[in-house]
Every structure is written in structure tokens, then in C-alpha cells.
Amino acid sequence: MGNTYDRWAVGGSVKRFLTAVMLACISVLSAGAEDTGDDGWLLKAVEPDPAQYYGVTSANGVIGLVSSPEPFGIAETVLAGVYDFYGRGRVNNFLPNINPLRLTMTLGGTKIRRTNIRNFVQSLDMRNGEFVGEFDFKGVHVSYRYCALRHIAHAVLMEVSLSADEDVEVEARLEHRVPPSLHGASMMTNAFEFHHKSAPPYTVITTAALSPSEAVRTVVSSAFLFPEADRGLPTVHKQPSSDSHNISFSKAIRKGEAWNFSVVGSLISSAHTADPLNQAERIVTYARFSKDGELLRRHRLAWEKLWESDIVIEGDSLAQKEVRSMLYHLYSFTREGTAYSPSPMGLSGLGYNGHVFWDSEMFMMPPLLMLHPELARPMLEYRFLRLDEARRNAAAYGFQGAMYPWESASTGAEDTPATSLCGTFQHHVTADVAIGFWRYYLVTGDKEWLETRGWPVLKATAEFWASRAEKKDDGLWHIDNVMCADEWALNKDDNAYTNAAAALNLRYATAAGRVLGHGTPAVWKEISEGLFFDRMDNGVTLEHKGYDGAEIKQADVNLLAFPLQVITDRRQMMLDLDYYSGKVPQKNTPAMTQSMFSVICSRCGDAPQAWKWFVDSYRPNALPPFGVLAEFKGGTNPYFATGAGGSLQAVIFGFAGLDFAPGGGVTQLRNHALPPHWKRLTIKGLGPEKKTYVIE
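Draft legend 1. Focus on the side chain of His372. Relative to the elements of secondary structure, His372 occurs in the loop between α4 (359-371) and α5 (373-384). At 2.6 Å, the side chain of His372 and the side chain of Glu374 are in polar contact. Those residues in contact with His372 that lie beyond four places of it in its chain are Lys305, Leu306, Ser309, Tyr331 and Lys690.

Draft legend 2. Region of interest: helix α14 (residues 607-616). α14 sits mainly inside the fold: seven of its ten residues count as buried. Where α14 is buried, its residues meet α3 (317-332), α13 (592-603) and α15 (641-655). If you check the start of α14, you find a side-chain oxygen 3.2 Å away from the backbone N of Gln609, and it comes from Asp606.

Draft legend 3. Fine view of α15. Over its 15 residues, α15 runs 20 Å from end to end, which matches the ideal 21 Å to within 8%, given 1.5 Å per residue. Of all 15 residues in α15, 15 are buried, a share of seventy percent or more. Downstream of α15 by one or two residues, Gly657 has phi in the positive range, about 70°.

Draft legend 4. Molecular detail of the sheet that holds strand β1 (residues 42-46). Sheet architecture is open: nine strands sit in the order β1-β9-β10-β11-β12-β19-β16-β15-β14, paired in antiparallel fashion. Each edge of the open sheet is held by one strand with a lone partner, namely β1 and β14 (183-192). Strand-to-strand, the axes of this sheet are offset by a mean angle of 15°, without reference to chain direction. Sheet analysis places strand β12 (residues 155-164) next to strand β19 (residues 258-269), joined by nine bridges and oriented antiparallel. The partner of Val160 across the bridge, within β19, is Phe261.

Draft legend 5. Structural detail: the packing of helix α8 (residues 428-444) against helix α9 (residues 447-468). At their nearest, the axes of α8 and α9 sit 9 Å apart, and the two run at 155° to each other. Overall, the two elements α8 and α9 adopt an arrangement that is roughly antiparallel. Here the hand of the crossing between α8 and α9 comes out left-handed. In contact with His428, Thr430, Ala431, Val433, Ala434, Phe437, Trp438, Tyr440 and Tyr441 of α8, α9 contributes Lys447, Trp449, Leu450, Arg453, Gly454, Val457, Leu458, Thr461, Phe464 and Trp465.

Draft legend 6. Looking closely at the packing of α5 against α9. Running from N to C, α5 and α9 point in directions that differ by 55°, and their axes come no closer than 10 Å. The orientation of α5 relative to α9 falls into the category oblique. Of the two elements, α5 crosses α9, and the hand of that crossing is left-handed. On the side of α5, the interface is formed by Arg377, Leu380, Glu381 and Phe384, while α9 contributes Trp449, Thr452, Arg453, Pro456 and Val457.

Draft legend 7. Looking closely at the packing of aromatic side chains. This model, assessed by the stated rule, comprises 43 aromatic pairs. Considering the side-chain rings of Phe224 and Phe226, the 5.8 Å spacing of their centres and the 25° angle between planes classify their relative orientation as stacked. Each member of the pair, Phe224 as well as Phe226, is classed as buried. Both rings, one in Phe224 and one in Phe261, keep their centres 6.0 Å apart while their planes meet at 70°; by these two values the pair is edge-to-face. With a gap of 37 residues between them, Phe224 in strand β16 (residues 217-225) and Phe261 in strand β19 connect regions that are remote in the sequence. Look at Phe224 and you get buried, because its relative accessible area is 4%. Residue Phe261 is classed as buried on the basis of its relative accessible area, which comes to 1%.

Draft legend 8. Up close: the side chain of Asp230. Inspection of the secondary structure assignment puts Asp230 in the loop between β16 and β17 (236-241). We classify Asp230 as buried; its relative accessible area is 12%. In terms of polar contacts, Asp230 uses its side chain to reach the side chain of Trp259, at 2.8 Å. The residues touching Asp230, leaving out its near neighbours within four places in the chain, are Lys251 and Trp259.

So, how was this worked out
Residues numbered from 1 in each chain as written. Predicted model: local features only at pLDDT ≥ 70, side-chain atom pairs only at ≥ 80, totals over all residues. Heavy atoms only, no water. Helix = DSSP H or I, 4+ residues; strand = E, 2+ residues; numbered from the N terminus. Polar contact = N/O pair within 3.5 Å; in protein donor to acceptor, adjacent residues only side chain to side chain. Contact = heavy atoms within 4.5 Å. Buried < 20%, exposed > 50% of the residue type's maximum accessible area, 1.4 Å probe, protein only. Expected span 1.5 Å × (residues − 1). Pairing = 2+ DSSP bridges. Axes fitted to C-alpha atoms, helices over the stretch in contact; angles between N-to-C directions. Parallel < 35°, antiparallel > 145°, perpendicular 65-115°, else oblique. Left-handed = near helix turned anticlockwise from the far one by under 90°. Phe/Tyr/Trp six-rings, centres within 6.5 Å; stacked < 30°, edge-to-face > 60°.

If you want it as C-alpha cells, here you go:
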């Protein structure tokens, strides 16, 4: 059927939306009308079962602390920006790192363990990103909370409180244990005294170690912080092995007495600063001489500012908590002022090697662009700083411009294993990056940024597609031999998603040139309007040349309706959705597929189907005890930030009907499909102007 793109063009005259069908008879199923009693801010586990435990993360966009079922325990410490070759083939990957808050405690001569405590409750307070635990041990009630401090990128804090019903001797040990991913450890402890300072010295335990190739030096420093009356409490340093050392203290607590102490730590590397050793200890010293309560006060103020942009659901307390968890994780995995972009698993572990994919620009970034553009900007800065490497990547395959890698780590070189065809043929990621750049400009209207950051990337990626596409005898442009967005379709010609994304890349580069007064090649416009698309005999958009109805891994054609919005005719949108949703497997498709289906149904006025796909996009993927999301139904690798981003898009772009305005800013479409059992949806703090939208 040849080129049908002109009938689907962005900004065409076809009416996008019908009046939303609001069916009162929709089943709320497991929507959860119960009162959670915590205003939707707490994720809680009572007597957590280690056999069914998937940790939840306290993070600040640089450090991630993943919870453990053990009291005081942290299962994984993740540090953004630190990659090396370790244990996962010949590609860079996130490294297991040293835990700055590794604390154990003995009460009355008995070590506290999960197996000998009572009334153990853990919770993540999403309002302030703090993980809280409490339990009873013999005659002592113990509570603790830890967090990655939001206002200090490389600092973490744990506070411990004890309330004794009988006399007891407390011994606490703070340990640094070097994982096998690091070597050449230097272990030291210092009793710091300062000129002209009358305060007693305090002890800092520090560990420096090298990454496997010795390209990165990581440093951890930690210290106990005691109440004013106990500032002189002595500590003892021991090094029981070549890969661990610790400091400890003892303290007698009398019956009826309450006592508390803190542990402060820092984690930083040579990838972040030229002198990580001294900087790590300076950060701990900064915390030591902060006023009482000042660290948590400023940390909470930073989170309070983030939550000025929030999604509030009335009439469905369970969905409120679930949506807030998604938003919390995106906030905690990103940080203003950095140049990091989150991997699909964010800072929740080492999944996907910590690499950056199209997930960042197409699934995680859009909700952040709406709510906190300053958190989206570092994701684009990450790409901009790797533009030269993308140019080298394009040249390596005989193309012009810049070709971004499918998997990106520290350098921006291709970090997909050579045994995977994704890194060689999944080229749509280049267009996805460009789409993210243009959307940031639309939301912020920042022309200076567009000139210095956006234009170089948009221009170079457009040059790539101009060299990648080929005009054939039919007079149309074709892109051959790609891996589709449907990753089970390998080495195919004219993939619908790749062609549509490339067309948008070229169109947006042309628009950016026009805004800035830069001339652009006429061939960019010609290709964007002349790329090949086809349909089957039944009218369904063809996924790729030769597609025969095979099962697909994930949404591909449907992404042309959303998020690309190059198919805007309701009938075509639903025809494609009805067909391809039946080709997606029930369990083996990544979560963001169903969320895109939900947006499409909302925009076509089908409220029941929008709700069905929304719930299906995350609830079957939720793992105990905190509901962290796996990538697949039945999966075990949380937290899938890509899925969270997709489900949030279903709320923002689907249920609320918001969108990026073609002329800039944020707009609300006339029609939406709010779930009938939701009384009200409020999205506040949108865009640079911090607008609020209320959908009744």
C-alpha cells in the first residue's frame, strides 16, 4: 500500500479523540477502597519473610541503599557513575560497592539477628525517602532509620534509638567490608582533631579500593555521631581480615533510659572527583559538625520540594499508594545538577549492568518532564556529553552524524555484549534520544539550552538518519536491516517504529533549526515525509516488511499512536491495538507495553480498557513485601523504573489527558478517560510554571 505516513502526520487535521465513555458499571476489582491509614505514603512490611523479600531502595539520585530483611541491614549499595569490567562479559557494568552503614549490634552480650527479635516492622516513608525499622529485643525497644541524604549527593545517614526496660550493655560495630568487585584496599582510621576547636576528637573509618581495571578508585568513610554528653565515648578499631575492618563502642544504658546515636557515611569515587580520599572524609566531617537534627531537616526539605509536584488520587487509596511509589522511585533515581541517566533498574541494584537504554528518554523522562524538568535535564546532559562517542559509533558503521549505542555506560561507547544483535542493529535509540531533546525544549522553552545542547544532538542524529535511509525505485525512503522495537523481530526492513521515530527526529531537527535560525538540508524534510509504511489486507499497520502475524515481544506498531502520535485516527489506533495486543505474550512482555495500551485506550475514550491495561501494567509485577516492580509478570529483578515511567504516563497522558503542546509548554486535551471509581485526579506542580490540573 506504499507510504501512508502523510495521513498519520503529527498536527494533521484528523480528530484525535472522541468523548470519553464513562461506564459506571466498571469493576474496581482489586483497586482497593480500604483506608490505608497513612495517607498513601508508607510501604510497610510486618515480620518480613526473607524467602519472599525484595528490597526497596532509599536513594538520592547518586547513591542507592537497598533494604534487607535483617535488622539494620542493607542488601546492596549502588553508586551512580561507577562502571568497570567485572563478572559480566566484556562490557562495562555497575560494580557492587562498599556499604558505608554496615552496622551490627549486641545487647547484653547477644548479637541482634532477625531470628531473635520480636515485633519487627519495616517501612519506607516515601514522603522523605527514609527507610525505617523497629523491633523488640529482650527488654529493649530499638528503632532505626536510614537514608541517602537528598541534599548531599555522596552522603548517607542512619539514626538508631534505644529505649530500655532494664539495665543493658550496648555494643555497636560499624564495619567496612570490601566486595570481590574491588581490590587493592587501603584501610585506615583517624582520630580527627581540629585547630582552634575544643570539641573532642572523633574517629573516622575510611576504606579506599580500586575497580578491577584500576580505572576507578572508590572511597568510603564512616563515623559514629554521639549525643553531646557522649562525644568523648571511646571507639576501638580492629582489622580482622584483609578485606574488612571496623570500629566499635560500648555503652551502658539504665532501666527507663532512652539513648540514641547515628552513623554517617560517604561514598565517592575518582569518577566524581579528582581527590575522593580527602573528599570522602571532608563530607563526614561536614556531617559531624552540622547542628543537631540539621542533616535530616535539610534532607526532608529537599524531599518536600520534590513532592510539590505530585499525583493525588481520591477514591482509590491503593492506586494512590502504588502511583506514589512509582513517582518516588523516579524521583529517587534522578538528581538535578548531575549528568546521570537512570538504567531500567535505576539505583535498585545491578540489573542491566546499570546501562542506559531508550527506556530513559521514552518511558522515564516524560513524567519527569511534566513534573520536574530539572530532573530530566541531567538525563539529556548525559547524552550530550557522549555525543562525540556517538559520532565515532556512526562512523564505525559507515554512517554520518551520530549513532547512539543501544547500551550506554561511562564513555558512551556501545556496551552491548557482542553476542547480542541489539548493539549492532537496534538503531531506533538514536531517534529516541533526539525526541527527548526536543520535548525538553517544548516544555521549558529554553532557547539557550537548545542552541548549546539540543541543536548539536538533533543535528547530528538527523545527519545519521539522512545517511541511514535509502531512496528506492518506488520513490520512497526505506530503512533496512534493523532490530525492531519488537526485539523478537531481527534484521528486518522498514520497521514501523524505527521509521516513525526517525521521521520525527528529522522533523524535530528541522524545527529546531528554524527556531534558532539555522538552515537545514531539504533532504531532512523529504525523508521525514517520504519514509515507507504499509498495511496488511485487514488495514492493520504492518510492523515490518514480511511480518506474518508472529507473536511479538512488546509494543512496536502501537507506539506510533502513543508516544510518537504519528497515528492519530481513532479507528486506526484501535484497529492496531486490537490486533497487536493479541500478539503480546501474557507473561514475557516488559511492563511498559500495557501502559502504552492504556494511554491509547484513554485517548480513544475507552475507559474500561484503559483501566484494565493500566492495572495490568504493574500489579501482576509487584513483588513482596513492598510492591517493588519487576520487569515481567513473575519476574524477580526489581525495581523496573521503566515500567513505573510507563504506568505514570498512563495516568498523566491518559487518564488526565495532558500532553506536550506542539507550540511549547504543557496542554490538556479536551477528552480523557478517568476511571469512574476515582472521584478526582489532581496533578500538581506541572512544568516550569508549576501548574495544577484537576480532573473530576
